[in-house]
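Examination of the molecular architecture
Take a look at the letters that make up each chain.
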There are 2 protein chains.
Amino acid sequence: MTYRNYLDMSRDQLIKNLEQKVTKERLKHMISVEETCIRLAHLNHYDAKKAGLAGLLHDYAKNLSDSEFIHLIDKYQLGEELKQWNNNIWHGLVGTYKIQEDLGITDKEILQAIRYHTTGSSQMTLLDKIVYVADYIEPSRDFPGVDKARKLADISLDKAVAYETAQTIRYLVKKRIPIHPQTLQTYNAYIHHLNKD
Amino acid sequence: MTYRNYLDMSRDQLIKNLEQKVTKERLKHMISVEETCIRLAHLNHYDAKKAGLAGLLHDYAKNLSDSEFIHLIDKYQLGEELKQWNNNIWHGLVGTYKIQEDLGITDKEILQAIRYHTTGSSQMTLLDKIVYVADYIEPSRDFPGVDKARKLADISLDKAVAYETAQTIRYLVKKRIPIHPQTLQTYNAYIHHLNKD
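Keep in mind it's a predicted model, so treat the numbers as computed, not measured.

1. Some words on the overall build of chain A
Along chain A, the regular secondary structure elements total 11 helices and 0 strands. Tracing chain A from N to C terminus, the helices and strands come up as α-α-α-α-α-α-α-α-α-α-α. The C-alpha atoms of chain A give a radius of gyration of 16 Å, which matches the 16 Å a tight globule of 197 residues would have. Here chain A, with 197 residues, has 54% of them falling under the buried criterion. Here the analysis covers contacts within chain A between residues at least 6 apart in sequence; of these, 62% occur between residues at least 24 apart. Of the roughly 9,400 Å² that chain A leaves accessible, carbon and sulfur atoms contribute 48%.

What follows is the structure, encoded as structure tokens:
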């Protein structure tokens with residue numbers, strides 16, 4: 001796979017770059033999401049290169065420090081409200097600015113899919129859905145409901161988005177963790193795709 | 001109990017009025033919420049009359065038709081977005097306008113507590129919390145978690161608000177029902193009051 005259309009380096013060079021940015025374990029997950037994105041792209045007749053690159057880069061900013069994220073929120077004027085959140089939210093919504101800065105990626109679809117890979121959004125493109133779902137179902141993932149999510153992803157990305165978002169909200173509520181409004185928007189926009197069972 | 005400070009009729013006259021507006025079963029629930037509000041008011045050193053009246057009236061608009069709610073949303077310019085919701089949301093957020101029109105109640109605290117009795121809000125007054133919690137725990141309520149909510153209400157209204165909101169979200173997700181953004185705001189604002197257990 002070459003990503004030269006979107007990036008000024010080979011995939012091997014990119015992997016070497018990523019090794020400096022994230023942990024070994026994290027990179028393994030990112031490569032697994034890349035492979036799952038390529039599979040879902042083929043299944044849904046989408047450009048496998050764009051999907052693969054978005055998947056490979058989705059957690060690029062995961063190891064940024066909180067202060068780096070606060071700096072980016074100020075620099076790009078993303079709003080004070082966002083500062084109340086944390087790495088879980090920032091590495092998607094804010095991380096894309098770091099990816100643009102470091103790697104010079106300008107493709108809007110790729111950046112948007114990475115931006116919304118944790119929260120989703122109310123109007124997801126095919127690529128947004130591929131990355132969002134691939135992150136949840138890649139083969140090394142192991143948590144309650146992941147097999148159902150995998151089955152749904154083979155039938156309908158909309159159903160998989162809805163199920164994944166519902167499961168995420170249930171998990172967050174069980175753990176008493178705040179829920180980002182963007183996650184609720186995704187839930188409200190996609191939940192009608194699931195049967196009321 | 002007399003509500004003459006806030007209302008131009010006796011409690012008996014109000015009950016007769018309500019009998020024309022809601023079902024017998026609904027009125028029974030409203031009286032039960034009234035009693036629970038009075039109890040919670042005493043427990044939390046709040047004006048029992050205001051709490052009782054807010055509790056008695058909280059479901060005043062429950063039997064309004066959808067077209068009546070749409071009419072009120074237009075009349076009071078409450079925004080197109082609100083029209084996407086349904087009776088469950090409208091009877092609180094919109095119902096207060098009907099109460100003002102029909103009964104001439106002007107007390108802002110009472111109207112606000114009724115307004116937010118289903119969704120809560122991120123900054124609830126003591127009366128808001130009393131009505132929100134009373135509606136959930138009144139003695140005839142019977143669903144998973146209601147006993148825990150009752151126990152929490154005796155300890156802390158903030159904890160009860162947090163628990164009730166978490167349980168409500170879990171229920172809605174389980175049933176694949178959309179969740180109003182105001183409900184999420186309540187969850188995010190109060191969830192830190194609960195232990196992460």
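Still more to cover.
2. Comments concerning the nonpolar core
Leu14 and Leu57 of chain A together with Leu14 and Leu57 of chain B are the most contacted members of the largest nonpolar core, which totals 114 residues. Contact partners of Leu57 of chain A, with chain neighbours within four places excluded, come to Leu14, Leu18, Met30, Ile99, Leu103, Ile105 and Ile114 of chain A.

3. Some words on the relation of the copies chain B and chain A
For the pair chain B and chain A, the relating rotation is 180°, the translation along its axis is 0.0 Å, and the fit reaches an RMSD of 0.0 Å. Classification of the inter-copy transformation places it as that of a two-fold axis. Taking C-alpha positions as the reference, the residue of chain B nearest the rotation axis is Arg170 of chain B, at 3.0 Å. A share of 100% of the interface residues of chain B reappears at the interface of chain A, consistent with the copies meeting face to face through the same patch.

4. Considering a positive patch on the surface
There is a patch of like positive charges on the surface, built from Arg170, Lys174 and Lys175 of chain A together with Arg170, Lys174 and Lys175 of chain B. Of all the elements in the fold, those that place two or more residues in the positive patch are α10 (157–174) of chain A together with α10 (157–174) of chain B. Note on placement: Lys174 of chain B falls in helix α10.

5. Overview of the pattern of salt bridges
All names here are of chain A. Tallied over the full model, the rule gives 26 salt bridges over all chains. The residue Asp59 makes a salt bridge to Arg26 at a minimum N-O spacing of 2.7 Å. Here Asp59 is found in the loop between α3 (48–57) and α4 (66–75), whereas its partner Arg26 is found in helix α2 (residues 24–43), with 33 residues between them in sequence. Overall, Asp59 belongs to the buried group, its relative accessible area being 2%. Of the charged contacts in the structure, one is a salt bridge between Asp107 and Lys50, with a shortest N-O distance of 3.0 Å. You can see Asp107 sitting in the loop between α6 (95–103) and α7 (108–115) and its partner Lys50 sitting in helix α3, a full 57 residues away along the chain. Relative accessible area serves as the criterion here: at 10%, Lys50 is assigned to the buried category. One connected set of salt bridges, linked through shared partners, spans Lys21, Lys98 and Asp102.

6. With respect to the layout of surface pockets
Empty space among the atoms becomes visible once a probe the size of a water molecule is rolled across them. Residues and elements named next belong to chain B. When its volume is computed, the second largest pocket comes out at roughly 1,100 Å³. Along the wall of the second largest pocket there are 33 residues; nearest its centre are Asn88, Thr118, Thr168, Tyr171 and Leu172. For the lining of the second largest pocket, the elements supplying multiple residues, two or more each, are α2 (24–43), α5 (87–93), α8 (126–137) and α10. Of the residues contributing to the lining of the second largest pocket, the split by class is 11 nonpolar, 13 polar and 9 charged.

7. Topic: the side chain of Gln167 of chain A
Structurally, the position occupied by Gln167 of chain A is in helix α10. Sequence-distant contacts of Gln167 of chain A, that is, excluding residues within four places in its chain, are made with Tyr136, Pro144 and Gly145 of chain A.

8. As for the interface of chain B and chain A
Taken residue by residue, the interface counts 24 residues in chain B and 24 residues in chain A. Carbon and sulfur atoms make up 58% of the surface buried where chain B meets chain A, a total of about 1,900 Å² over both sides. In this structure, the connection of chain B to chain A is made through 0 salt bridges. The interface formed by chain B and chain A holds 6 residue pairs in polar contact (both at pLDDT 80 or more) in total. Elements with a contribution of two residues or more to the side of chain B that touches chain A: α10 and α11 (181–190) of chain B. Across the side of chain B that touches chain A, the residue classes break down as 14 nonpolar, 3 polar and 7 charged.

9. A word on the environment of Ser121 of chain B
Among the secondary structure elements, Ser121 of chain B is positioned in the loop between α7 (108–115) and α8. Those residues in contact with Ser121 of chain B that sit more than four places away from it in its chain are Tyr116, Gln182, Thr186 and Tyr190 of chain B.

10. With respect to the side chain of Asn87 of chain B
In this structure, Asn87 of chain B sits in helix α5. For Asn87 of chain B, a relative accessible area of 17% translates into the label buried.

11. Looking at the packing of α10 of chain A against helix α11 (residues 181–190) of chain A
All names here are of chain A. The geometry of α10 relative to α11 is characterised by a closest axis approach of 9 Å and an angle of 135° between their N-to-C directions. Taken together, the axis directions place α10 and α11 in an arrangement best described as oblique. The two elements α10 and α11 meet at a crossing, and its hand is left-handed. Contacts from Asp158, Val161, Ala162, Thr165, Ala166 and Ile169 in α10 reach Thr183, Thr186, Tyr187 and Tyr190 in α11. The residue makeup of the contact of α10 with α11, split by class, is 6 nonpolar, 3 polar and 1 charged.

Criteria and thresholds
Residues numbered from 1 in each chain as written. Chains lettered and ligands numbered in written order. Predicted model: local features only at pLDDT ≥ 70, side-chain atom pairs only at ≥ 80, totals over all residues. Heavy atoms only, no water. Helix = DSSP H or I, 4+ residues; strand = E, 2+ residues; numbered from the N terminus. Rg over C-alpha atoms; globule rule 2.2 N^0.38 Å. Buried < 20%, exposed > 50% of the residue type's maximum accessible area, 1.4 Å probe, protein only. Contact = heavy atoms within 4.5 Å. Areas by Shrake-Rupley, 256 points an atom, 1.4 Å probe, with all protein chains shown as cover. Core = buried A, V, L, I, M, F, W, Y, C linked by side-chain atoms within 4.5 Å. Least-squares fit on C-alpha atoms with pLDDT ≥ 70 in both. Patch = residues over 30% accessible without salt bridge, like charges linked within 9 Å, V, L, I, M, F, W, Y side chains within 5 Å. Salt bridge = Lys/Arg side-chain N within 4 Å of Asp/Glu carboxyl O. Lys, Arg positive; Asp, Glu negative; His and termini not counted. Charge placed at Lys NZ, Arg CZ, Asp CG, Glu CD. 1 Å grid on protein atoms, 1.4 Å probe; cavity = no way out; pocket = protein on both sides within 12 Å on 5 of 7 lines; lining within 4 Å. Points joined across faces, edges and corners; volume = space filled by probe spheres on them. Nonpolar A, V, L, I, M, F, W, Y, C, P; charged D, E, K, R; others polar. Buried area = accessible area lost by both parts, 1.4 Å probe. Polar contact = N/O pair within 3.5 Å; in protein donor to acceptor, adjacent residues only side chain to side chain. Axes fitted to C-alpha atoms, helices over the stretch in contact; angles between N-to-C directions. Parallel < 35°, antiparallel > 145°, perpendicular 65-115°, else oblique. Left-handed = near helix turned anticlockwise from the far one by under 90°.

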